[in-house]
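Read off the chains here:
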Amino acid sequence: MNWDETTGAEPDERLVDSSADGEDQAVEAALRPKDLDEFVGQEKVRQQLDLVLRAARQRGATADHVLLSGAPGLGKTTLSMIIAAEMGAPIRITSGPAIQHAGDLAAILSSLQEGEVLFLDEIHRMSRPAEEMLYMAMEDFRVDVIVGKGPGATAIPLELPPFTLVGATTRAGLLPPPLRDRFGFTGHMEFYEPAELERVIHRSARLLDVEIDTEGAAEIAGRSRGTPRIANRLLRRVRDYAQVKGDGSITREVAGSALAVYEVDARGLDRLDRAVLQALLKLFGGGPVGLSTLAVAVGEERETVEEVAEPFLVREGLLARTPRGRVATPAAWAHLGLVPPQQTGANNGQSGLFQA
């Protein structure tokens, strides 16, 4: 990919979406660190994983199965590739939704080489028959292939070479205990601190041959929602702005102006996030209001508000979910520069809602 040919986000895309599209996947492949020493952030997981891999190499054995959980964009796929690189083994990449039948999994497992790393993304979405086959494969390195149907069906045991399964999930609670217990190491990926994201941005800027100063990196990091994937995406959009509107270098002023064009504010909220807050504050006095009503007010589907906008707003302390509905917090009023009704003397049933 020619970096100069990248363009702004499509109208329906969200720059702050933590999922990866085709362009993100292509760019991430070039920006991914190749070993644990180069990997930024996730210090506890990185140190623990380093011990697991070092011990396995010293024993001359395959590494234990690894489960990585956490939000999208935090580096689960990158760590799986680093595991393969550290063990000097090839890697096979697939996903839970792609394995709908036990036969699909059997075909993958039977073609693995000894020591190979199998990365299974969104492992919680794998079908139940395939999941039950995976139990035996992980524990005994064996699968039973069923030949025939009905009373005449025969189970043929198939021995597998030792391999390392790396499972990734955004919803660890959906994994059944028998599957979760078969992983020798479990690591939970945390959201990044701004200082860590600044290091990610400086590294990516060097690889993209972009000049950026410390304040420019800090401005982008502060709007990246604690997620490296979002930080890299914002960096590319700011780079485009700096190339067209400036001299190509990124400063705090350039980053702020660029992200204002893309409607990403100082806390990382985009148009949809602000629309939800504005509807909640201006139309419903801060709530409580039902999710369906709130979705109608912003012209979005209920699922879009609940699954796309709300998680970040809740994590930022701008919105709360209560039995009576969604409620704005004092931080939401402050962020939008509005005054809560109870401070103006209005009596709309919200008096005392935020009092201790």
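Quick look at the structure, then. Not measured: the values here are computed from a predicted model. Counting restarts for each chain, with residues numbered from 1 along the sequence as it is written. In keeping with the predicted nature of the model, local features appear solely for residues at pLDDT of at least 70, side-chain atom pairs appear and are counted solely at 80 or more, and the whole-chain, interface and lining totals rest on all residues. Side-chain measures here rest on the full set of heavy atoms in the structure, leaving out hydrogens and waters.

1. Here we look at the overall build of the protein
Piece 1. Numbering of helices and strands runs from the N terminus; a helix is a DSSP stretch of H or I covering at least four residues, while a strand is a stretch of E covering at least two. A count of helical and extended segments in the protein gives 14 helices and 9 strands.
Piece 2. For the protein, the residues scored as buried account for 46% of the 356 residues in total.
Piece 3. Of all intrachain contacts in the protein linking residues separated by at least 6 positions in sequence, the fraction that spans at least 24 positions is 70%.
Piece 4. All accessible-area figures derive from a Shrake-Rupley calculation using a 1.4 Å probe, and residue coverage is judged against the displayed protein chains alone. Accessible surface for the protein amounts to roughly 17,200 Å². Of this, 49% is attributable to carbon and sulfur atoms. Exposure is judged per residue with a 1.4 Å probe applied to protein chains only, and the accessible area is read against the type maximum: over 50% gives exposed, under 20% gives buried, and values in between give partly exposed. Contacts were defined at the residue level, with two residues in contact if any of their heavy atoms lie within 4.5 Å.

2. Side note on the nonpolar core
Nonpolar side chains tend to gather and get buried jointly when the protein is soluble and globular.
Piece 1. Each nonpolar core is a collection of buried residues, namely Ala, Val, Leu, Ile, Met, Phe, Trp, Tyr and Cys, held together in the definition by side-chain atoms within 4.5 Å. Formed by 46 residues in total, the largest nonpolar core has its most connected members in Leu79, Ile201, Ile212, Ile220, Leu235 and Ile250.
Piece 2. In terms of residues, this core owes the most to one element, helix H9 (residues 228–245), which gives 6 residues.
Piece 3. Ignoring any residue separated from it by four or fewer positions in sequence, one finds Ile220 in contact with Ile201, Ile212, Ala231, Leu234, Leu235, Val238, Ile250 and Ala255.
Piece 4. Counting residues in hydrophobic clusters, the runner-up holds 24 residues, among them Ile108, Leu120, Ile123 and Met133.

3. Points about a nonpolar patch on the surface
Piece 1. Together, Val145, Ile156 and Leu158 make up an exposed nonpolar region whose accessible area comes to about 200 Å².
Piece 2. Inspection of the secondary structure puts Leu158 in strand E5 (residues 154–159). Like charges are joined within 9 Å and nonpolar side chains (Val, Leu, Ile, Met, Phe, Trp, Tyr) within 5 Å, but only among residues with over 30% relative accessible area and no salt bridge; these make up the patches. Salt bridges are defined as contacts in which a side-chain nitrogen from Lys or Arg sits within 4 Å of a carboxyl oxygen from Asp or Glu.

4. Examining the environment of Arg32
Piece 1. Residue placement: Arg32 occurs in the loop between helix H1 (22–31) and helix H2 (43–59).
Piece 2. Expressed as a C-alpha distance, the spacing of Arg32 and Met81, which sit 49 residues apart in the sequence, is 9.1 Å.
Piece 3. Discounting chain neighbours no more than four positions away, the residues touching Arg32 are Thr77, Thr78, Met81 and Arg203.
Piece 4. In protein, a polar contact means a hydrogen-donor-capable atom and an acceptor-capable atom, both N or O and within 3.5 Å, with residues adjacent in sequence counting only if both atoms are side-chain atoms; elsewhere, any N or O pair within 3.5 Å suffices. At a separation of 3.0 Å, a polar atom in the side chain of Arg32 contacts the side chain of Thr78.

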